[in-house]
Amino acid sequence: MSISDERLGQIGARFAELEARLASGTLEGEAFVAASRDYAELERVAHLAADIRAMRGELADLQSLADPDPEMRALAEEEVLRLKGELPEVERQLALAMLPRDAADVRPAMLEIRAGTGGDEAALFAADLYRMYERYAAEQGWRVEMVSANASDVGGFKEVVANVTGSGVFARLKFESGVHRVQRVPVTESGGRIHTSAATVAVLPEPSEVDVQIEDKDLKIDIYRASGAGGQHVNTTDSAVRITHLPTGIVVTCQDERSQHKNKAKAMQVLRARIYEKMRDEAQGAEAEARRAMVGSGDRSERIRTYNFPQGRVTDHRINLTLHRLPEVLEGTGLGELVDALIAEDEAKRLAAMDQ
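Basis of the calculations
- Chains are numbered independently. Their residues run from 1 in the order of the written sequence.
- Predicted model: local features are reported for residues with pLDDT of at least 70 only, side-chain atom pairs are reported and counted for 80 or more only, and whole-chain, interface and lining totals are derived from all residues.
- Note: side-chain values were computed over all heavy atoms of the structure, leaving out hydrogens and water.
- Orientation is described by axes fitted as lines to C-alpha atoms, over the contacting stretch for helices, and by angles from 0 to 180 degrees between their N-to-C directions.
- Helix numbers and strand numbers start at the N terminus; a helix is a DSSP run of H or I with at least 4 residues, a strand a run of E with at least 2.
- By the definition adopted for this analysis, an angle is roughly parallel if under 35 degrees, roughly antiparallel if over 145, roughly perpendicular if from 65 to 115, and oblique otherwise.
- Handedness of a helix crossing follows the sense of rotation of the near helix relative to the far helix, less than a right angle counterclockwise being left-handed and clockwise being right-handed.
- Gly is put with the polar residues, along with every residue not named as nonpolar or charged; the nonpolar set is Ala, Val, Leu, Ile, Met, Phe, Trp, Tyr, Cys and Pro, and the charged set is Asp, Glu, Lys and Arg.
- Of the grid points, spaced at 1 Å and generated over the protein atoms alone, those admitting a 1.4 Å probe that cannot get out make up cavities, while open sets with protein on both sides within 12 Å along at least five of seven lines make up pockets; any residue with an atom within 4 Å of a point is treated as lining.
- Grid points are joined across faces, edges and corners, and a volume is the space filled by probe spheres set on the points.
- Strand pairing is assigned whenever DSSP identifies at least 2 bridges connecting the two strands.
- Here, expected helix span is obtained from the residue count minus one, scaled by 1.5 Å.
- Summary of the burial criterion: residues with accessible area below 20% of their type's maximum are buried, those above 50% are exposed, and those between are partly exposed, where the area comes from a 1.4 Å probe applied to protein chains only.
- Working rule for contacts: check all heavy atoms of both residues, and any pair within 4.5 Å makes them a contact.
- Under the rule applied, a polar contact is a pair of N or O atoms within 3.5 Å (in protein, one hydrogen donor and one hydrogen acceptor; residues adjacent in sequence only if both atoms are side-chain atoms).

Draft legend 1. Structural context of the packing of helix α1 (residues 5–24) against helix α2 (residues 29–63). Contact geometry for α1 and α2: axes closest at 8 Å, N-to-C directions at 140 degrees. On the basis of their axis angle, the class for α1 and α2 is oblique. The two elements α1 and α2 cross, and the hand of that crossing is left-handed. In terms of residue class, the contact of α1 with α2 is made up of 13 nonpolar, three polar and seven charged.

Encoded structure:
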């Protein structure tokens, strides 16, 4: 994708204007914050634009060079070939940097994993996925805090929700939303038969209270006694919280903390994320609805990725990528290759759409 010299000049002028405003010392408060944000977003674009202008200028000078010295002409021709080879890649980098960004990319995320088809084996797989994301997050320098969990009798999760914070969390995890399918011999299978189970993953950008304002009159809050493992406390204290957002019908429960107030705060955190995602989907229209529909119902047939233990492979069906590194992927160390490939595919599609 080639960008005109006029557009490159406009980018440079805008960046110079921002530099001058920030250096003037006259900006304060919100004006300074806004200018600093614009500067940070434009900095890489402006540097790439300046590189392209310089390379194009040098190329034009070399091509117009009429030096009588054969040796100098040969050197000039070599430099022309080098610039012609490098320029398209720098132009591609600029085109990528100029792509519209999802405003949610910089946000933390709520990670929700639910067991789908497969009973106990699906719950165990949900726990495997949770550990995979925990380890990948640690590799990225992110922090994972479990918000709520509904454990199964066999040690897995019927449902687990976690808050993931750090740099660029949603940008790197958003393509994980969908149905993940596993093919393996369950530990409870005495005949050695391979079973297929599934778990759903949903990654939601976490909003601030300013983004989603929830009024008390729109909430129905039920307090009840927690159930499941937890010792005597769960049998004696009404600490579990269920919150229903009446306008949307969204229901969130939390019972993991001993304190009713802590459970309510965590439930509100999840509720805010789900309302924010609903608002994003409605704002972005049919395209967002189609993307969110990938999560599906948890049925085996609705899958974005398959983890095949007998063959030691992981296949992402959206980009037809297969890695024969199943252990590394589940350990989190190999997940980055899949994430990078999904991001690259998304960027390529958006670049192609801009060219049309």
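Draft legend 2. Structural view of the layout of surface pockets. Of the voids in this model, the second largest pocket is the one considered here, and its volume is about 620 Å³. For the second largest pocket, the lining is made up of 22 residues, of which E41, V45, A97, L99 and R101 are closest to its centre. Sorting the residues of the lining of the second largest pocket by element identifies α1, α2 and α3 (70–98) as the ones contributing at least two each. A per-element tally of the lining of the second largest pocket places α2 first, with six residues. By residue class, the composition of the lining of the second largest pocket is 11 nonpolar, one polar and 10 charged.

Draft legend 3. Just the sheet that holds strand β8 (residues 250–254), in detail. Reading across the sheet, the three strands line up as β6-β7-β8 and stay open at both edges, with antiparallel pairing between neighbours. Of all strands in the sheet, those with a lone pairing partner are β6 (219–224) and β8, marking the two edges. Looking at each pair of strands side by side, their axes are set apart by 15 degrees on average, direction ignored. Here five bridges tie strand β7 (residues 240–245) to β8, and the two strands are oriented antiparallel to one another. Residue pairing for β8: R242 is matched across the bridge by T253.

Draft legend 4. Quick peek at helix α4 (residues 120–140). The first and last C-alpha atoms of α4 sit 31 Å apart over 21 residues, in line with the 30 Å expected at 1.5 Å per residue. Count one or two residues on from α4 and you reach G141, which has phi positive near 80 degrees.

Draft legend 5. How the structure looks around the side chain of E121. Considering the arrangement of structural elements, one finds E121 in helix α4. By relative accessible area, E121 is classed as buried at 8%. Those residues in contact with E121, other than ones at most four positions away along the chain, are V182, R184, P186 and S197.

Draft legend 6. Structural context of the pairing of β7. A large share of β7 lies buried, amounting to five of its six residues. Judged from the six bridges that link them, β6 and β7 form a sheet pairing that is antiparallel. Within β7, the position partnered with L219 by the bridge is H245. Linkage of β7 to β8, two consecutive antiparallel strands, is achieved through a turn of four residues, within which G249 is found at a positive phi near 80 degrees.

Draft legend 7. Highlighting the sheet that holds strand β5 (residues 195–205). Pairing within the open sheet is mixed, and its eight strands lie in the order β2-β3-β1-β5-β4-β9-β10-β11. The two strands at the open ends of the sheet, each matched to only one other strand, are β2 (143–151) and β11 (321–323). Within this sheet the neighbouring strands show an average axis-to-axis angle of 15 degrees, counted without direction. Pairing analysis gives seven bridges linking strand β4 (residues 178–184) to β5, with the strands arranged antiparallel. Within β5, the residue paired with R184 across the bridge is H195. Those strands touched by α4 are β1 (109–115), β2, β3 (157–165), β4, β5 and β9 (305–308), and its axis lies near 115 degrees from that of β4.

Draft legend 8. Examining the side chain of D316 more closely. By the element assignment, D316 lies in strand β10 (residues 313–316). Judged by its relative accessible area of 0%, D316 falls in the buried class. Within the structure, the side chain of D316 is placed 3.1 Å from the side chain of R305, a separation counted as a polar contact. Engagement of the side chain of D316 in a polar contact is seen with the side chain of R318, the distance being 2.8 Å. Contacts of D316, omitting those with residues within four sequence positions, involve I304, R305, L321, L338 and L342.

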